[in-house]
Amino acid sequence: MADDTVHIDPPERAVVASVLYRPRRAPMQVPLSQVASCANATDGLLWIGLCEPTSVQLEQLGADLGFSRKAIEEISSPHRRPKVIEFEELILIVAITVEVENLRPSFGDTQILIGKGFLVTIRRGATATHQTLRDQLENSPEFLGRGSDYVASALLDLLVDRYINALTKLETVVESAEQQFLFRGFRETDVRRLHRLRRDLLRIHTAIAPMAEISRRLSRVEMRNIDAESRAYFGEVADRILRANEFINSLREALAFAFEASLMIGQAQQTDTTKKLASWAAILAVPTAVAGIYGMNFKYMPELDWVYGYPVVMGSTIAVCALLYWKFKKSNWL
C-alpha cells in the first residue's frame, strides 16, 4: 500500500508516491527514473504524486513522459486560478484547494495531469493528501479499468468534499456572528470581523466558481485521454461545485441579513431613546416657561399680590406636566 508519509531518497523528497496499479496484482513502487517504462503499461495505471516539487524534477519527469516544452512550462509554474489546458500528450487541470485553519481559509493549488496510462498530481500549498483515494483504488481493482480520466474525476470530487468541509467550518462562525448581531448588537470589532468573513467567502467563491465551468467543459467537449464514459463523472462534479457555490452565497446572504437586522434593531433603539428624550423635554418645558415668565422681574404682575397666586400657578404647572406625561405614556413614548 502506498503511504503519503513514506520518506524517499533525498533526490526524490518531493515524491509523495509513485505507484503502478495493476489488476489482480500488488501495487508496485516505481522510482522516477523508471517511470518512462511503466507509463505506457496497457494493463495498469501509474499514479505519480508530487508535493512542492522543484522545476528540475518537473523538467526531468516531463522529459521521461514525453511532455512538450510548453506543457513542462505550464506544470512548472504556480497557478492562482483554475484552468484546463489540452496538450497533445496530456490534459492539465489546475484546481484551487481550500482548507480552513483557525477559522481562516488557506489556499493552494493541485495540478492533475491526465495521460494515457498515467496520472500525475502536483500539490502546492495544500496539506491534505490523496491517500484515501489511493486506498480506494487499491481496494477496488475495477477502478483501474476505467483509466486515469476516471481517477481524475474522483480527485476533483474529493476536492469538492473538502470545499464543503471548509464551508461547514465557516458556517459555525457565520451562525455565531448572527447570534451576536441579533441579540447583543454590533460593535466596531464585530463589523471588522463581519467584513473579514464576507471577504473570505468571496475569496473562496472566486477560487472554486470557475471549477464548475471547467468540469462542465470536460463533460461535454471531446478531448484526448478522456473517454466518453468518463465525461458523465465530470458532469456530476460540476453539479456539486454549483451546489457549493450556492452554499457560499447563502452564507454571504446570512451575514448581510444579520448586519441589516442589527442595524434596524439599533435604529429602533435610537428612535425609542429619541422619543423618551423628546417627551421629557416637552414636560420640562412647561415649568421652564413658567419660571422664565416670572423671572423677567416686571414691576406690575397682579398675581404676585394675590394670596392664591402661588398655589394656582404651581398647581396648574403640575397639572399640565401630568397631562403631558399621561399623553406620552399612552402613545408609548415613555
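Above this text is the structure in question.
Each value, and the rule that gives it
- Residues numbered from 1 in each chain as written.
- Predicted model: local features only at pLDDT ≥ 70, side-chain atom pairs only at ≥ 80, totals over all residues.
- Heavy atoms only, no water.
- Salt bridge = Lys/Arg side-chain N within 4 Å of Asp/Glu carboxyl O.
- Helix = DSSP H or I, 4+ residues; strand = E, 2+ residues; numbered from the N terminus.
- Buried < 20%, exposed > 50% of the residue type's maximum accessible area, 1.4 Å probe, protein only.
- Pairing = 2+ DSSP bridges.
- Patch = residues over 30% accessible without salt bridge, like charges linked within 9 Å, V, L, I, M, F, W, Y side chains within 5 Å.
- Areas by Shrake-Rupley, 256 points an atom, 1.4 Å probe, with all protein chains shown as cover.
- Axes fitted to C-alpha atoms, helices over the stretch in contact; angles between N-to-C directions.
- Left-handed = near helix turned anticlockwise from the far one by under 90°.
- Contact = heavy atoms within 4.5 Å.
- Nonpolar A, V, L, I, M, F, W, Y, C, P; charged D, E, K, R; others polar.
- Core = buried A, V, L, I, M, F, W, Y, C linked by side-chain atoms within 4.5 Å.

A few words now on the pattern of salt bridges. Under the defined criterion, the tally for this structure stands at 6 salt bridges. Between Arg 240 and Asp 157 there is a salt bridge; the shortest N-O distance is 2.8 Å. Placement of Arg 240 in helix H7 (residues 228-294) and of Asp 157 in helix H5 (residues 148-183) is noted, with a sequence separation of 83 residues between them. Residue Arg 240 is classed as partly exposed on the basis of its relative accessible area of 22%. Judged by its relative accessible area of 25%, Asp 157 falls in the partly exposed class. One salt bridge connects Asp 200 with Arg 203, and the closest N-O pair in it is separated by 3.8 Å. Highlighted residues: Asp 200 and Arg 203, both in helix H6 (residues 188-220), separated by 3 residues, approximately one helical turn. Overall, the relative accessible area of 2% leaves Asp 200 in the buried class. One network of salt bridges, in which partners are shared, links Arg 104, Asp 200 and Arg 203.

This part covers the pairing of strand E6 (residues 104-115). Of all 12 residues in E6, 9 are buried, a share of seventy percent or more. Direction of pairing for strand E5 (residues 91-101) relative to E6: antiparallel, over a ladder of 11 bridges. Bridge pairing in E6 places Ile 91 opposite Ile 114. When E6 meets strand E7 (residues 118-124), the two strands line up antiparallel, connected through 7 bridges. Bridged to Ile 112 within E7 is Thr 121. Connecting E6 to the next strand, E7, in antiparallel fashion are 2 residues, including Gly 117 with a positive phi near 85°.

It is worth spelling out a nonpolar patch on the surface at this point. On the surface, Trp 306, Val 307, Tyr 308 and Val 312 cluster together into a nonpolar patch covering about 450 Å² of accessible area. Within the secondary structure, Trp 306 sits in the loop between H7 and helix H8 (309-330). Trp 306 sits in the partly exposed class, given a relative accessible area of 46%.

With that out of the way, let us pick up the pairing of strand E4 (residues 83-86). Where E4 lies against E5, 4 bridges are found, and the strand directions are antiparallel. Pairing of Lys 83 across the sheet is with Val 94, part of E5. Between E4 and E5, which pair antiparallel one after the other, the connecting turn spans 4 residues.

Our next topic: the packing of helix H2 (residues 55-65) against helix H3 (residues 69-76). With their axes 10 Å apart at the nearest point, H2 and H3 run at an angle of 145° to one another. The way H2 lies across H3 gives a crossing that is right-handed. Every residue of H3 that contacts H2 at Leu 58, Glu 59, Gly 62 and Ala 63 is listed here: Arg 69, Ile 72, Ile 75 and Ser 76. Taken together, the residues of the contact of H2 with H3 break down into 4 nonpolar, 2 polar and 2 charged.

What follows deals with the nonpolar core. Counting 56 residues, the largest nonpolar core has Trp 47, Ile 93, Ile 112, Leu 119, Leu 156, Ile 208 and Leu 218 as the members making the most contacts within it. Among the elements that take part in this core, H5 stands out by supplying 16 residues, more than any other. Setting aside residues no more than four positions away along its own chain, Leu 218 makes contact with Val 84, Ile 93, Met 223, Ile 226, Arg 231 and Phe 234. Counting 24 residues, the second largest nonpolar core, distinct from the first, contains Val 30, Phe 67, Ala 71 and Leu 113.

Shape is all these values report; function is a separate question.
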